[in-house]
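# Structure assessment
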Amino acid sequence: MADETGPPVPGLIGWPIPPAANERFVQGNGFYTDDRSLPGEAHMVVVRSPHASARILSVDARAARAASGILSVLTGEDARDDGLGPLRSLIERKRPDGSRHFEPPFPILALDEVCHVGFPVAAVIAETAMQAHDAAELLDVSYEPRAAATETRSLLSPGTPPVWPEAAGNVCFVHEVGDEAAVDEALRKAAHVVSVDVDVSRVSANPLENRNAIGDFDRRTGQFTLFTGNQTVHDLRAELARSVLRIDESMLRVVSADIGGAFGMKIAATAEHALVLWASRRVGRPVRWQATRMEAFASDWHARDIVSKVTLGLDANARFTALKAENVANLGAYLCANTLHSPTNNLGGLAGPYRTPAIFARVVGAFSNTSPTSPYRGAGRPEATYALERVVDAAARRLGIDPAAIRRRNLIAPEEMPFKTGLVFTYDSGEFAKNLDRVLQDSDWSDFPRRREAAAKRGLLRGIGIANAIEIAGGPAGSPLEEFMEIRFDAAGHAVILMGLHSHGQGLETVIPQVVHDRLHLPLESMRVAFGDTAQIYHGKGAGGSRSAAVGSSLAWTVSGRILEKARKLAAHMFEASEDDVEFVRGRFRVSGTDLSASLAEVAHAAFDRLRLPAGMEVGLSAQCVMSPAGPNFPNGCHVCEIEIDPETGTVRIVGYWAVEDIGRVLNPLVAEGQVHGGVVQGLGQALLERVCYDPTDGQLVSASFLDYAMPRADDAPSIRTTFNEVLTEANLLGVKGAGEAGTVGALPAIMNAVNDALTRAGAAEIEMPATPMKIWKALRDGAND
């Protein structure tokens, strides 16, 4: 890439350099929260509700407090007496009457009632974890169980038990986008109207590293320190300090080193974050908490869980005229900071890459006696795309049109950019037909009938599914989040890149230095990336929403440019030359027409010698920037999935998967491909295997371990062929689009469309996710009996 002041030079942007963090991870040298040890640590165990809905009659902690090694037993009354506040929702929506959504009280420990299995009731702090577990068994809590509501499709039905009396009919909010009257009129006039009911199942993120935290209170300074795996440490600090601890933010430091999986679940503050900090202040020692896997299933934020009726109108030529999506989102019993984000903030994805002129969406947020939901890889994007692509496939079947052909007929053309969609989004770039053409070529779409016939001879059903996916990345439309970065040199010419982003699988420790290299020509080994510490980095919005590469690369380019500006001034002073005569070429400052030159490292060394500095220049070489992108970007792609079903067992095997992704400029294809593959496999897990299940009679969590909650394994994952179609965006300096969630957004509909293609060709009805062997086997048997 060409430097602004020099000729084009070979750069590292676009090179498939293996992520630097991989080597230490595979050698067991990651540094996670549980690897940290503080002197004098105590251990905390959280006592949780065994009921989905119950009134607390009494909490008797006398026996627990008298047990060996117990330092403290904390209850909801203790938290109230110490003035601790509740967790809060940071997003506002409206009720049908226009008033603010109902926000239930969300204490860090239950006071008078519990509203889902796993809600924290008390915290036991002891010298050892075993002592804390033993004492927790002695806590005597008397409950009065109540009827519970868990099933999404019945939450709004008359007679369903209310989760909160203040939320009539279990309605938290009603959110509408678009012109319903115009959409209804367009549907009335449509030549064809197709409707489907779809169910996006409730899932759990299940990171390898369960949630954990260490709280440390320094009595000398009054300073709290929280060590935990979290994607947005500055926002976490603000939430805990303002809402719960009610202290100044400067009195709380949050440190998040490596994270063993996050996916959106590790963004919002949790009760345990506050509990370890409060407990440390109470007992005068650091306090450690580590969730067990069963505990995590019950108390982690869950995700998705939305049911939709989607109606598509088409004219006589199968062109889309209107789309209506009516959704019920199961929010859980309480609202964490971003519970309301996923079901409402990414509805623009319902437009897809299509010209549909009139679109309307309604979302009813409903309470249930389940764990609260929060963002999970895609955060509303997969839900919207799934609903759209399912109804498009249904329309193709109804009209007898090839699924690829009906999509092609409705795609937005590149020359129509910028394109204002029928709902919320305005796309700035994209070559959607090219994505489609390439994935049809890669998957040999036209030869599928032959492969289906060959499978039938082996007694197998074969299906193929296609999905166009587009999503918003980089922040809300109209107000992308700002981000911070600083580059700081030492006297030896090595640089540390401090960023408000967080790297936990995105390869930022390599990708960001690649960008810096192409501006400053520093060797990768001379750069180090620091993140995840509010004491080192004064501002940041962290990782989420597929924003890191786009805003991070722009910041790296901008801050590097500011480094060059200061370094050029110093170099000119060193050379006793005019600054206008100094150029920077291939890592060296040169005076035009002379043999005078110095490397950037040499200039950095000089920056620490005050006697060599020009008047008014500060010692050292550093620069920083806080910036927001000019706007969001819209990564897009087209996925094809091919599956085989054994009709005797209902087992599904993915035999081919192809994805063409437009993520703008590809900074590192190896990292980008890994992001797509990871997203596809998480989509595969939800489509075929995963579902959080509660007993509808009493609200008990049925899928409380990996014996009952199926996760994808290595032999479930197919070989995934990924191709990139680089269409640059003008929303940021390098034309980068998001990549982290793209795989999941396309995978859910592509896989389920493939399953339903096979089923409907065999005379069975469509099914909803997860497409388990039992569900498929039953659909085939029911179809055979019709």
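Predicted model only: the values in this text are computed from it and were never measured. (Residues numbered from 1 in each chain as written. Predicted model: local features only at pLDDT ≥ 70, side-chain atom pairs only at ≥ 80, totals over all residues. Heavy atoms only, no water.)

## Some points on the confidence of the model for the protein chain
Keep this limit in mind: Known as pLDDT, the predictor's per-residue confidence is scaled from 0 to 100. Throughout, a residue-residue contact means that at least one pair of heavy atoms, one from each residue, lies within 4.5 Å.
Looking at the protein chain, the pLDDT average stands at 95 and 98% of residues meet or exceed 70. Throughout residues 1-9 the model reports pLDDT below 50, and contacts reaching past four residues in sequence, or to other chains, amount to 26 contacts.

## Side note on the packing of aromatic side chains
What counts is decided by this rule: Classification of ring pairs rests on two measures: the distance between centres of Phe, Tyr or Trp rings, Trp counted by its six-membered ring, which must be within 6.5 Å, and the angle between planes, read as stacked under 30 degrees, edge-to-face over 60 and tilted in between. Helix and strand definitions here come from DSSP, where helices need a minimum of 4 consecutive H or I residues and strands a minimum of 2 consecutive E residues; each element is numbered from the N-terminal end. Each residue gets one of three labels from its accessible area relative to the maximum for its type: buried under 20%, exposed over 50%, partly exposed in between, using a 1.4 Å probe on protein chains only.
Scanning the entire structure with this criterion turns up 18 aromatic pairs. Judged by centre distance (6.1 Å) and plane angle (75°), the rings of F106 and W301 are edge-to-face. Here F106, found in the loop between α3 (76-81) and β4 (113-114), pairs with W301, found in the loop between α8 (293-299) and β13 (302-314); they are 195 residues apart in sequence, far enough to count as distant. Both residues of the pair, F106 and W301, count as buried. Summarising the aromatic geometry, the rings of F297 and F706 are spaced 5.3 Å apart at their centres and angled 80° between planes, so their arrangement reads as edge-to-face. Highlighted residues: F297 in helix α8 and F706 in the loop between α17 (669-688) and β28 (720-724), separated in sequence by 409 residues. One aromatic cluster in this structure is built from F102, F106, F119, W164, W301, Y334 and F367.

## Some words on unusual backbone geometry
Residue P418 is bonded to the preceding M417 through a cis peptide linkage, with omega at -5°. Relative to the elements of secondary structure, P418 occurs in the loop between α11 (403-410) and β16 (419-420). Cis geometry is adopted by the peptide bond preceding P770, which originates at M769 and carries an omega value of -5°. On the secondary structure map, P770 appears in the loop between α18 (742-761) and α19 (773-785). Look at A379: it is not a glycine, yet its phi comes out positive at around 50°. Among the secondary structure elements, A379 is positioned in the loop between β15 (358-367) and α10 (381-399).

## Looking at the sheet that holds β15
In plain terms, the rule: Any two strands are treated as partners once DSSP identifies two or more bridges connecting them. Axis angles are defined between N-to-C directions and span 0 to 180 degrees, where every axis is a line fitted to C-alpha atoms and, for a helix, only to the segment in contact.
With mixed pairing, 5 strands are arranged side by side in an open sheet as β7-β15-β14-β13-β8. Each of the sheet's edge strands pairs with one partner strand only, and the pair in question is β7 (171-178) and β8 (192-204). Pairs of neighbouring strands in the sheet enclose a mean axial angle of 10°, with direction left out of account. By the bridge criterion, 7 bridges tie β7 to β15 in an arrangement that is antiparallel. Of the residues in β15, the one forming a bridge with V171 is A366.

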